[in-house]
Structures are given as C-alpha cells and as structure tokens.
Amino acid sequence: MLLTAILAFIQSAHAEGAAAAPTGTGASTIMQMLLPLAFFAIFYFIIIRPQSRRNKEHRQMIDAIKEGNEVVFAGGLMGKIKKLQGEYAVVALNTTQEVMVQRASIISVLPVGTIDSLK
C-alpha cells in the first residue's frame, strides 16, 4: 500500500517535470553543438598535434642516422652505429660487442666523442 503510494507520487512528479520542460530553441541547439566541438579543439591542440609533431621529428632523426653516429636507445644503452640494414642497425656497444637493434628504438643522437668522454 505504501509502496504503491510512493510509486504514484514519483510518476506524477516525473509527469509534472516533463510538462514544465521548455522546448529547445535554435540557440540552445547551437550551444549543444559548440560544446563538443570546443572539447575536440582543445583535445586536438593539447594532445594530438604535439604528439604528431614529436613523431615527425623522431622519424626525421631516424632517417638522418648514418654510420659512425653515437646513439642512445630506449633501454638506456649507448653505442656507435657500425652498419645500417633497412629498419635495423648494427651497433657496437664496446670494442668487442655488437648488437642489432631496430632503428625506431633510438631516442637520441649524441655528439661525436660523447661515449669516449664518459669512459
């Protein structure tokens, strides 16, 4: 009995709220469209555009690498490029050890003589 009275009260409250709601005008529709567009513009200029610029700079650096460059890898290893083979590079970590790594794992190119100055 109490439950049916509560449900009837809730239904009548919803019906009154729906009747009192104003109909949408052209201005409110435009505002509803501008808000998501504004969020997308902010998202684009804060996240997407800077990330694509960093990717472009990294790609240019990878394409400019040549034999003899001293590089740092994503794992923190440093070495000197001995040979380039497509998307891979053979890198000398010291005088006896050479490894083959993907060129994309190179995060920076060091000035010549950096590795020798660290020893």
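Residues numbered from 1 in each chain as written. Predicted model: local features only at pLDDT ≥ 70, side-chain atom pairs only at ≥ 80, totals over all residues. Heavy atoms only, no water.

What's the story with the UniProt feature "transmembrane region" (unreviewed entry) in the protein in this structure? I'm lost.
UniProt tags residues 30-48 as "transmembrane region" (unreviewed entry). Annotated as 100% helix and 0% strand, the span residues 30-48 places its first and last C-alpha atoms 26 Å apart. (UniProt positions renumbered as here; feature names shortened; annotations may be inferred. Helix = DSSP H or I, 4+ residues; strand = E, 2+ residues; numbered from the N terminus.)

How should I be thinking about a nonpolar patch on the surface in this particular structure?
Taken together, the side chains of Leu 35, Phe 39, Phe 40, Ile 42, Phe 43, Tyr 44, Phe 45, Ile 46, Ile 47 and Ile 48 present a nonpolar region at the surface, about 1,000 Å² in accessible area. As for its position among the elements, Ile 47 is in helix H2 (residues 26-64). (Patch = residues over 30% accessible without salt bridge, like charges linked within 9 Å, V, L, I, M, F, W, Y side chains within 5 Å. Areas by Shrake-Rupley, 256 points an atom, 1.4 Å probe, with all protein chains shown as cover. Salt bridge = Lys/Arg side-chain N within 4 Å of Asp/Glu carboxyl O.)

Looking at this structure, how should I read the sheet that holds strand S4 (residues 98-102)?
Sheet strands pair by backbone hydrogen bonding; their relative direction is either parallel or antiparallel. Strand order across the open sheet formed by five strands is S4-S3-S2-S1-S5, with antiparallel pairing between neighbours. With one partner strand each, in any of the chains shown, S4 and strand S5 (106-110) form the two edges of the open sheet. Pairs of neighbouring strands in the sheet enclose a mean axial angle of 45°, with direction left out of account. Bridge analysis of strand S3 (residues 88-92) against S4 gives five bridges, and the strand direction is antiparallel. The partner of Tyr 88 across the bridge, within S4, is Gln 102. (Pairing = 2+ DSSP bridges. Axes fitted to C-alpha atoms, helices over the stretch in contact; angles between N-to-C directions.)

So what exactly am I meant to see when it comes to the environment of Lys 66 here?
Following the sequence through the fold, Lys 66 ends up in the loop between H2 and strand S1 (70-73). Each C-alpha atom, one on Lys 66 and one on Lys 83, is 8.2 Å from the other, the two residues being 17 residues apart in sequence. Once residues lying within four places of it in the same chain are set aside, the contact partners of Lys 66 are Ile 81 and Leu 84. (Contact = heavy atoms within 4.5 Å.)

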